[in-house]
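Residue-level structural notes
Listed below, chain by chain, are the residues.
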Amino acid sequence: GLGKKRNLRTKSDQNDQNLSLDSMEENEMRVAVTNEFEELFLLLVYVCEAGGQTFTYKTTDEMSGPWEECRGKTGEDCKRVIDDDPTLESEKIQIVGINDSDVAVSRIFDACRVVIYVDDDNVIMGVPSRG
């Protein structure tokens, strides 16, 4: 009797060990995939071309903007402020009226674009930033 119970425990312990090893292997695989994804993600960069130069950013924190100094200004005055930024092309700085139904702005993030939203009096709404 006692020997059989001991054998059953041993088999049960072996099953638990096998499950633990499988779980460990799964976790190691998850870690490997996660690390691989993080490495690939770290390779992603934002690239803007302006004035014949190429500007590369690893994060949006490295980019110029937002432009707090535009608060309260007209769209054109704000555009002049942002135009001084050598990392942006003037044609990528767009003034859009909040009620302009004929203007479509893509929601896809574009690090090289600044959209300046203005109200019906052409006054800045919010603070312009890249995107």
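Coordinates for the structure precede this section.
Presented here is a report on the structure given in the accompanying data block. (Residues numbered from 1 in each chain as written. Predicted model: local features only at pLDDT ≥ 70, side-chain atom pairs only at ≥ 80, totals over all residues. Heavy atoms only, no water.)

1. What about a nonpolar patch on the surface?
On the surface, Ile 98, Tyr 117 and Met 125 cluster together to form a nonpolar patch covering roughly 260 Å² of accessible area. Looking at where Ile 98 falls in the secondary structure, it is placed in the loop between strand E3 (93–97) and strand E4 (114–118). (Patch = residues over 30% accessible without salt bridge, like charges linked within 9 Å, V, L, I, M, F, W, Y side chains within 5 Å. Areas by Shrake-Rupley, 256 points an atom, 1.4 Å probe, with all protein chains shown as cover. Salt bridge = Lys/Arg side-chain N within 4 Å of Asp/Glu carboxyl O. Helix = DSSP H or I, 4+ residues; strand = E, 2+ residues; numbered from the N terminus.)

2. So, helix H2 (residues 75–83)
Taken together, the buried positions of H2 are occupied by Gly 75, Cys 78 and Ile 82. Down the axis of H2, the buried side of the element spans an arc of 65°, and every buried residue falls inside it. Along its buried surface, H2 packs onto E3 and E4. (Buried < 20%, exposed > 50% of the residue type's maximum accessible area, 1.4 Å probe, protein only. Arc of directions from axis to C-beta. Contact = heavy atoms within 4.5 Å.)

3. A look at the nonpolar core
Trp 67, Cys 70, Cys 78, Ile 82, Leu 88, Ile 93, Val 114, Ile 116, Val 118 and Ile 124 form the largest nonpolar core, which has 10 residues in total. Elements represented by at least two residues in this core include exactly H2 and E4. Looking at this core, the element that brings in the most residues is E4, giving 3 residues. When neighbours within four sequence positions are excluded, Ile 124 is seen to be in contact with Cys 70, Lys 73, Thr 74, Gly 75, Cys 78, Ile 116, Tyr 117 and Val 118. (Core = buried A, V, L, I, M, F, W, Y, C linked by side-chain atoms within 4.5 Å.)

4. Quick word on the side chain of Arg 130
Structurally, Arg 130 can be placed in the segment after E4. At 2.8 Å, the side chain of Arg 130 forms a polar contact with the side chain of Ser 64. Polar contacts involving the side chain of Arg 130 include one to the side chain of Thr 87, which spans 2.6 Å. (Polar contact = N/O pair within 3.5 Å; in protein donor to acceptor, adjacent residues only side chain to side chain.)

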